[in-house]
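# Inside the fold
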Amino acid sequence: MYKALSAGAINVHVGDLYGALEAAKIGGFAGVEFNAQEIANLIAMHDADYVQNLFAEAGVRPAAWGLPIQWRGTDAHFEEGLTDLPRLAQAAQAIGGPRTMTWIMPGSNDLDYDANYAFHVARFRPIAQILADYGCAIGLEFIGPKTLRDSQKYPFIYEMKPMLAMGQDIGPNVGLLLDCWHWHTSHGTLDDLRALKPAQVVYVHVNDAPEGIPTDEQVDNRRALPGATGVIDIAGFLQ
């Protein structure tokens, strides 16, 4: 495991890959998240060696990329994204960044649990297959806060074990985007983490929670930097 910069998560605007690499270097991060579309375009303009050298010169590794498909939307948008995914996965693989991720809403106002489960499996199976063709893995993030779950008519997956089970139904290259915030707000335990196998964790997010707010009253977009408050047992999580 190594520390990587997720600029968007802390509202840092880096502009492009060049800015992201510079920010990661200045901040002492070993890796940085990247945009697969930008990487593919740079490879088309130059070649993979050119992009690899950008990372090497900055002393920063390509960490992971957000899944660039509108999989929650219409069939047309989904199919359009699937068509372009092989090019993007191939580009990510070429620079040594074969990990992508996305998050799963913990409820729906339109689909009950079973229908929502079927929807996610149907959408992610072709995604996972294309990624597997290029040696890439995808991490699915469960979303823990009760405040967000309660905003939806029909509940859905918000804990680690059910998300792992759905990943198994999708494909062998599907695991977790494991965020300690969502582990904490879903009332996960250290024993849950100890039961994980390394291959089940594709990517990790580390952050803290505001003080003085009960766990079930935490709001998803109000967080703190890692270790800033000590509300989340980040030491136990990382160990």
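One structure accompanies this document, and this report is about it.

Conventions used here
Numbering of residues starts from 1 in each chain and follows the order in which that chain's sequence is written. Given that the model is predicted, a residue must reach a pLDDT of at least 70 before its local features are reported, and side-chain atom pairs must reach 80 or more before they are shown or counted; all residues, however, enter totals for whole chains, interfaces and linings. For the side-chain quantities, the full set of heavy atoms in the structure was used; hydrogens and water were omitted. Here, nonpolar core refers to any group of buried Ala, Val, Leu, Ile, Met, Phe, Trp, Tyr and Cys residues whose side-chain atoms link them within 4.5 Å. Remark: exposure states derive from per-residue accessible area (1.4 Å probe, protein chains only) relative to the maximum for the residue type, with buried under 20%, exposed over 50%, and partly exposed in between. Throughout, a contact is declared for two residues whenever any of their heavy atoms are within 4.5 Å. Take a side-chain nitrogen of Lys or Arg and a carboxyl oxygen of Asp or Glu: if they are within 4 Å of each other, that pair is a salt bridge. Per the convention used, a helix needs a DSSP run of H or I reaching at least four residues, while a strand needs a run of E reaching at least two, with both numbered from the N terminus. Between any two strands, pairing holds if DSSP finds at least two bridges. Centre distance within 6.5 Å is the pairing criterion for rings of Phe, Tyr and Trp, where only the six-membered ring of Trp is used; planes under 30 degrees apart are then read as stacked, over 60 as edge-to-face, and the remainder as tilted. Charges are assigned to positions over rings by a cutoff of 6 Å between ring centre and Lys NZ or Arg CZ, combined with an angular limit of 35 degrees from the ring normal. Throughout, the arc means the angular range of directions from the helix axis out to the C-beta atoms. In protein, a polar contact means a hydrogen-donor-capable atom and an acceptor-capable atom, both N or O and within 3.5 Å, with residues adjacent in sequence counting only if both atoms are side-chain atoms; elsewhere, any N or O pair within 3.5 Å suffices.

## Describing the nonpolar core
- Formed by 60 residues in total, the largest nonpolar core has its most connected members in Leu17, Trp65, Phe124, Ile127, Leu140 and Met166.
- Not counting the four nearest positions on each side in its chain, Ile127 is found in contact with Leu67, Ile69, Trp71, Phe78, Leu82, Leu85 and Ile138.
- Core analysis: the next-biggest nonpolar cluster, separate from the first, contains 6 residues, Ala64, Leu177, Val202 and Tyr203 among them.

## Notes on the pattern of salt bridges
- Under the counting rule described, the total for this entry stands at 7 salt bridges.
- A salt bridge links Lys146 to Asp150, with the shortest nitrogen-to-oxygen separation between them at 2.7 Å.
- On the basis of relative accessibility, which here comes to 31%, the residue Lys146 falls in the partly exposed class.
- You can call Asp150 exposed: its relative accessible area is 51%.
- Across the salt bridge formed by Arg223 and Asp179, the nearest N and O atoms sit 3.2 Å from each other. Highlighted residues: Arg223 in the loop between β10 (201-205) and α10 (234-238) and Asp179 in strand β9 (residues 174-179), separated in sequence by 44 residues.
- Given a relative accessible area of 2%, Asp179 falls into the buried group.
- Beyond isolated ion pairs, a larger network of salt bridges with shared partners links Asp179, Asp220 and Arg223.

## A word on the pairing of strand β5 (residues 99-104)
- As judged from the 2 bridges shared by strand β4 (residues 65-66) and β5, these two strands associate in the parallel manner. Bridge pairing in β5 places Gly66 opposite Met101.
- Here 6 bridges tie β5 to strand β7 (residues 137-142), and the two strands are oriented parallel to one another. When the sheet's bridge partners are listed, Arg99 is paired in β7 with Ala137.

## Description of the sheet that holds β7
- With parallel pairing, the 5 strands of this open sheet are ordered in space as β4-β5-β7-β9-β10. Strands at the two margins of the open sheet, each flanked by one partner only, are β4 and β10.

## A closer look at the packing of aromatic side chains
- By the definition in use, this model includes 5 aromatic pairs.
- Aromatic pair Trp71 and Phe124: ring centres 4.7 Å apart, planes at 55 degrees, arrangement tilted. Residue Trp71 is found in the loop between β4 and α4 (75-94), and its partner Phe124 is found in helix α5 (residues 113-133); the two are separated by 53 residues along the sequence.
- The exposure class assigned to Trp71 is buried, which follows from its relative accessible area of 2%.
- Taking the relative accessible area as the measure of exposure, Phe124 reaches 1% and is therefore buried.
- Aromatic side chains Tyr113 and Phe156 sit 5.1 Å apart centroid to centroid with 55 degrees between the ring planes, which places their arrangement in the tilted category. A residue pair is termed long-range when its members are at least 10 positions apart, and Tyr113 in helix α5 and Phe156 in the loop between β8 (154-155) and α7 (160-170) qualify at 43 residues.
- Using a relative accessible area of 36% as the deciding quantity, one classes Tyr113 as partly exposed.
- Put simply, the rings of Tyr113, Tyr117 and Phe156 touch in pairs and so form one group of aromatic residues.
- Stacked on the ring of Phe78, the Lys or Arg Arg123 has its end atom at 4.5 Å from the ring centre.

## Considering helix α1 (residues 17-27)
- Buried residues of α1: Leu17, Ala20, Leu21 and Ala24, and no others. Within α1, the buried residues cover an arc of 100 degrees as seen down the axis, which keeps them to one side.
- Buried residues in α1 make contact with β1 (4-5), β2 (31-32), α2 (36-45) and α3 (48-58).
- Its side-chain oxygen at 3.2 Å from the backbone nitrogen of Tyr18, Asp16 defines the N-terminal cap of α1.
- In the segment just after α1, Gly28 is the residue with positive phi, at about 75 degrees.

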